[in-house]
Amino acid sequence: MPKLSLPAPSAKFRVPAGAPVAAGASGPISVPEALRSGGISVLVIEDDPIACKHMAVHLKDHKITFAHDFPTAKQKIKQGAYNICFIDLQLGENDDGCSGLKLIPLAVSKKIYSVVMSGHDAGPIVERAHELGCDDFYAKGDEANSIEQILDKFCRRRNPSKEKRLFTQRFITKDPDTQSYILEALKYAPSELPFLILGPSGAGKTSLAHLVHAFSRRSGPFVSINCAAYTQDLLEAELFGFKKGAFTGADEERKGKLLIADKGTLFLDGIGAMSLKMQTKLLKAIEEKTFYPVGSDKPETSCFRIISATQEDMSGLIKENRLHFEFFQRIHGFTIKLKPLSQRTSDIFPLIDFLARAGTKKRLFFEPEAKEELLGYPWPGNVRELKKFVDLLTAGQEGRVSAQRVRRLLNTLRLEEGGNRFANEEHYRFAKQHGLAKVLERFMDAIILHSLENNAKKRTHVIKELKISNWLFYQSIKRSGIANIRQRNVKNDPIGSPVGGQGPWPQLLPRSSLRAAGPTCLRHSEGHVPPDQGASGSLGSAPRAAERDSLVSKQDNLLNTKNNLDHKTNEILVPA
């Protein structure tokens, strides 16, 4: 994994209590002290006296040497021992060839951290400087921030052990991909770019947001809000604030999250749950950094930085018209996707050790079979579920953990997770579009298909097992479009079978397929038995075909009549 330089964390950084991944930070870090302790020796190659004065002010805590022309700079690089060299590309008024570029290879050969500075940032010149081996580049005009960032990067490179502590104390991970993604993300932390963090629930999105804020050096607070926990009106009041009397119950004026996050970070968790109308209002606030509290005609101003997180697929939300593309463009400046814990199993035992020490200071020892159980478990709740598992372990007295105990606790977690995951986000969206009754029908059809498979497609066994009526069974079969329950190969686990190949519903066949296949699956409670079939299982003769059509027609009339009894269906689906 490449070593990437990082900006320094904020002195106010603390890992929040209960964070699933990042936890247990070792206290505040004073960036100036960290820089002064190194005794950095700096060479500034600059011909402009005013620029030299600016550099001297911003480098006053370090040992600084100046060179004002090419020959002097070349000599000092050869003879001196410098840590950092700031190189102006144009040395002199008539230097159209950017002679400073010629000094880069010499500085690189002396293992000096080389930084090119210029009054313009033309692409070809910057590209040429990097080809010659320079470590960094900045355009003149914002020396205060640029020099501080460069010194931070240099200190990080000189002391790579800080990177190691980052992943053992702040965001616990040994996964090379995750480490690389986070290091890359933290390079952009001091910028104004918005961040979008994707990943499953419990993977550490909130912890990563805290980490990005800590490395951003923003003076304001970290302000978090879960968009999925509020209705549209309440979310607007929480974000924008409101004036006294703006609505019923507004007994006092309250600041919104946008204003509280001034000069800090606003973390929008569950961004996929935000309504389109709310997205439009927030989009304008992000663009203009101004907004109106509810019930006010006076605008408020706030310089906040947006970090968003969701477990949903953003492109899917856009296709379903649940996310404005313009809003998406404002929140995804830098995107990072966290892998689920099942795909970074190397993190399981470091996290267990860290969480156990952070909670009860207890050391846990696992038998070899117990370790295999933990590594083979899918961890659907990710690090949040792992933390619950560690809490259960540390609540006991034993320090040595057996495989039997691991299995017992994991079974407990499976029961809890299973209850929460019976209906997912896709089911919820389907219910909003088609109504709850349709969702119940779909689940019922899937369970009946599953029971058919388990009972060798014997309808009497299914009806008895599920405690349903013949009529309800045949209604479900009709909706599912099964042509022959004795011959149809119902796929395993139909709850996971898709409609047209996608989604959580059973495959539905058109009514034309049902009519063409005959009435075998539509025997109703009055005891009709279809004509005998040949060895091939089909009705081959013309009289048999006519009889088949007649039977289908009669059965259709019967079923259509019963479809009008909606209240009966409701009584079955939703018993009193």
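Preceding this paragraph is the structure being described.
Calculation criteria
Residues numbered from 1 in each chain as written. Predicted model: local features only at pLDDT ≥ 70, side-chain atom pairs only at ≥ 80, totals over all residues. Heavy atoms only, no water. Helix = DSSP H or I, 4+ residues; strand = E, 2+ residues; numbered from the N terminus. Buried < 20%, exposed > 50% of the residue type's maximum accessible area, 1.4 Å probe, protein only. Contact = heavy atoms within 4.5 Å. Areas by Shrake-Rupley, 256 points an atom, 1.4 Å probe, with all protein chains shown as cover. Pairing = 2+ DSSP bridges. Axes fitted to C-alpha atoms, helices over the stretch in contact; angles between N-to-C directions. Core = buried A, V, L, I, M, F, W, Y, C linked by side-chain atoms within 4.5 Å. 1 Å grid on protein atoms, 1.4 Å probe; cavity = no way out; pocket = protein on both sides within 12 Å on 5 of 7 lines; lining within 4 Å. Points joined across faces, edges and corners; volume = space filled by probe spheres on them. Salt bridge = Lys/Arg side-chain N within 4 Å of Asp/Glu carboxyl O. Expected span 1.5 Å × (residues − 1). Parallel < 35°, antiparallel > 145°, perpendicular 65-115°, else oblique. Nonpolar A, V, L, I, M, F, W, Y, C, P; charged D, E, K, R; others polar. Polar contact = N/O pair within 3.5 Å; in protein donor to acceptor, adjacent residues only side chain to side chain.

(A) Molecular detail of the overall build of the protein. Within the protein, the secondary structure is distributed over 25 helices and 16 strands. Counting across all 576 residues of the protein, residues that qualify as buried make up 45%. Considering only intrachain contacts with a sequence separation of at least 6, the fraction spanning at least 24 residues in the protein is 69%. Of the accessible surface of the protein, which amounts to about 29,400 Å², a share of 51% is contributed by carbon and sulfur atoms.

(B) Looking closely at the sheet that holds strand β13 (residues 305-310). Spatial strand order, β7-β10-β13-β6-β14: five strands in an open sheet with parallel pairing. The sheet is open, and its two borders are formed by β7 (222-226) and β14 (334-337), each paired with just one other strand. For this sheet, the mean inter-axis angle between neighbouring strands, taken without regard to orientation, is 15 degrees. Direction of pairing for β7 relative to strand β10 (residues 265-269): parallel, over a ladder of five bridges. Bridging from a neighbouring strand, Asn226 pairs with Asp269 of β10.

(C) Layout of the nonpolar core. By size, the foremost hydrophobic cluster in this structure holds 28 residues, and its most contacted members are Leu239, Leu266, Leu268, Met274, Leu282, Met314 and Phe327. Among the elements of the structure, β6 (195-198), β7, α10 (232-240), β10, α12 (276-288), α13 (314-319) and α14 (325-331) are those that each provide at least two residues to this core. A total of five residues in this core trace back to one element, the largest contributor, which is α12. If we skip the residues at most four places from it in the chain, Phe327 touches Ile271, Met274, Gln279, Leu282, Leu283 and Ile286.

(D) Structural view of the layout of surface pockets. The computed volume of the second largest pocket comes to approximately 580 Å³. Together, 24 residues line the second largest pocket, and Asn145, Gln149, Pro190, Ser191 and Arg217 are the ones closest to its centre. At the level of elements, β5 (136-139) and α6 (143-158) are the ones that each hand at least two residues to the lining of the second largest pocket. Tallying contributions element by element places α6 first for the lining of the second largest pocket, with seven residues.

(E) Region of interest: the pattern of salt bridges. Summed over all chains, the structure comprises 17 salt bridges. Linking Glu131 and Arg128 is a salt bridge whose minimum nitrogen-to-oxygen distance equals 3.4 Å. Placement of both Glu131 and Arg128 in helix α5 (residues 123-131) is noted, with a separation of three residues, approximately one turn of the helix. With relative accessibility at 40%, the residue Arg128 sits in the partly exposed group. In this structure, Glu441 engages Arg479 in a salt bridge whose closest nitrogen and oxygen atoms are separated by 3.9 Å. Here Glu441, found in helix α20 (residues 436-454), pairs with Arg479, found in helix α22 (residues 470-480); they are 38 residues apart in sequence, far enough to count as distant. Of the residues examined, Glu441 reaches a relative accessible area of 17% and is grouped as buried. Classification of Arg479 as partly exposed rests on a relative accessible area of 26%. Three or more residues are tied together by salt bridges with common partners; here these are Lys438, Glu441, Asp445 and Arg479.

(F) Examining α20 more closely. Compared with an ideal rise of 1.5 Å per residue, which puts 19 residues at 27 Å, α20 spans 27 Å between its outermost C-alpha atoms and is within 8% of the ideal. Restricting attention to buried positions, one finds in α20 the residues Val439, Glu441, Arg442, Phe443, Met444, Asp445, Ala446, Ile448, Leu449, Ser451 and Leu452. Where α20 terminates, the next one or two residues include Ala456, which has phi positive at roughly 55 degrees.

(G) Representation of the packing of α20 against α22 in the model. With their axes 9 Å apart at the nearest point, α20 and α22 run at an angle of 100 degrees to one another. Between α20 and α22, the interaxial angle falls into the category roughly perpendicular. Contacts between α20 and α22 pair Glu441, Met444, Asp445, Ile448, Leu449 and Leu452 from the former with Leu472, Phe473, Ser476, Ile477, Arg479 and Ser480 from the latter. Of the residues in the contact of α20 with α22, the class split is seven nonpolar, two polar and three charged.

(H) Fine view of the side chain of Asp347. One can find Asp347 in the loop between β14 and α15 (348-360). A relative accessible area of 0% means that Asp347 is categorised as buried. Polar contacts involving the side chain of Asp347 include one to the main-chain amide nitrogen of Asp175, which spans 3.3 Å. If we ignore the near neighbours within four places in the chain, the residues touching Asp347 are Ile172, Thr173, Lys174, Asp175 and Leu341.

(I) Spatial organisation of the environment of Ala261. Relative to the helices and strands, Ala261 is located in the loop between α11 (257-260) and β10. Considered as a pair, Ala261 and Ser302 are 41 residues apart in the sequence and their alpha carbons are 7.3 Å apart. Not counting residues within four places of it along the chain, the set of residues in contact with Ala261 comprises Val223, Leu266, Ser302, Cys303 and Phe304.

(J) The sheet that holds strand β2 (residues 63-67), seen in detail. Pairing in this open sheet of five strands is parallel, and the strands run β2-β1-β3-β4-β5 from one edge to the other. Looking along the sheet, the strands with just one partner apiece sit at the ends: β2 and β5. Strand-to-strand, the axes of this sheet are offset by a mean angle of 20 degrees, without reference to chain direction. Bridging between strand β1 (residues 41-45) and β2 involves five bridges; their strand directions are parallel. Bridging across to β2, Val42 finds its partner in Ile64. On top of the sheet, helix α2 (residues 49-58) reaches β1, β2, β3 (84-88), β4 (113-118) and β5; it is set at about 170 degrees to β2, its chief contact. Across the sheet, helix α3 (residues 70-79) is in contact with β1, β2 and β3; its angle to β2 comes to roughly 140 degrees.

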